[in-house]
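An overview of the molecular structure
For reference, the chains in residue letters:
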Amino acid sequence: PRPFVLAGHSFGGMVARLYATNHPRAVAGLVSIDAQNEDYAAASKRLLPPDLYAAAVLDPQPPPGLVSYPAVELLDLEPSAAQMRQAQADTPLRPMPLVVLSHSRTIPNPFDFPPDFPIEALDSAFQDSQNMLAKLVPGAKHVIATKSTHYIQLDQPRLVTEAIHRVIRRVRR
């Protein structure tokens, strides 16, 4: 039954936030797990040369482990980021328990980008976008997963479940 506590990783984090923004009575709390957001989408376009941006964002490869899955659905990041930006402008995320989990700041290539990518600049932009997410609601908690790449749920699953339980406890109070 409603209201829900949503947890989303990467692009799924932006989808969860969009749902919470568009359906404020249906969502009581969020856990953002190294979530994509509209600011990072814009930074990617600014930082990547057009050919790399086209390959990485406009025509991406399936994520690891799903390359051979025949029904994998690829993402259309530009319109999704524009939709999130508009939703946030129209109806900002309402105050709710929010935990933002971000990958380690010391792992050299947490997204496993190809070596010709501006890895440091992209990671810096991503960390900035995570800081922005943590400022969306008062009292949000921003946790750095010090031993994790982008896949925190695989590298530190207990950290993710603890964050979800933390939000559920705060919602129940």
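See the structure above.
Anyway, here's the lowdown on the structure attached to this text. (Residues numbered from 1 in each chain as written. Predicted model: local features only at pLDDT ≥ 70, side-chain atom pairs only at ≥ 80, totals over all residues. Heavy atoms only, no water.)

Our next topic: the packing of aromatic side chains. Overall, the coordinates contain 5 aromatic pairs when judged by the stated rule. With a centroid separation of 6.3 Å and an interplanar angle of 15°, the aromatic rings of Tyr 40 and Phe 111 are classed as stacked. Taken together, the residues span a long stretch of sequence, with Tyr 40 in helix H2 (residues 38-47) and Phe 111 in the loop between strand S3 (98-103) and helix H5 (119-134) at a distance of 71 residues. As far as the burial class goes, Tyr 40 and Phe 111 line up, both buried. In this structure an aromatic cluster arises from ring pairing among Tyr 40, Phe 111, Phe 113, Phe 117 and Phe 126. (Phe/Tyr/Trp six-rings, centres within 6.5 Å; stacked < 30°, edge-to-face > 60°. Helix = DSSP H or I, 4+ residues; strand = E, 2+ residues; numbered from the N terminus. Buried < 20%, exposed > 50% of the residue type's maximum accessible area, 1.4 Å probe, protein only.)

Taken together, the 4 strands give an open sheet; going across it, the order is S1-S2-S3-S4, and neighbouring strands pair in parallel fashion. The outermost strands of the open sheet, each flanked by one partner alone, are strand S1 (4-9) and strand S4 (141-145). Each adjacent strand pair in this sheet contributes to an overall mean axis angle of 15°, direction not counted. Across 5 bridges, the pairing between S3 and S4 is parallel. Within S4, the residue paired with Val 99 across the bridge is Lys 141. Along the sheet, helix H1 (residues 11-22) contacts S1 and strand S2 (27-33); its crossing angle with S1, the most-contacted strand, is approximately 150°. Here H5 sits on the sheet in contact with S2, S3 and S4, set at roughly 170° to S3. (Pairing = 2+ DSSP bridges. Axes fitted to C-alpha atoms, helices over the stretch in contact; angles between N-to-C directions. Contact = heavy atoms within 4.5 Å.)

Now for the packing of H1 against helix H4 (residues 77-90). It is the contact of H1 with H4, at a shortest axis distance of 10 Å, that shows an interaxial angle of 35°. In this structure, H1 meets H4 at a crossing whose hand is left-handed. Residues Phe 11, Met 14, Arg 17, Leu 18, Thr 21 and Asn 22 of H1 form the contact with H4, whose own contacting residues are Leu 77, Ser 80, Ala 81, Gln 83, Met 84, Ala 87 and Gln 88. (Left-handed = near helix turned anticlockwise from the far one by under 90°.)

Geometric descriptors of this kind do not, in isolation, establish any biological role.
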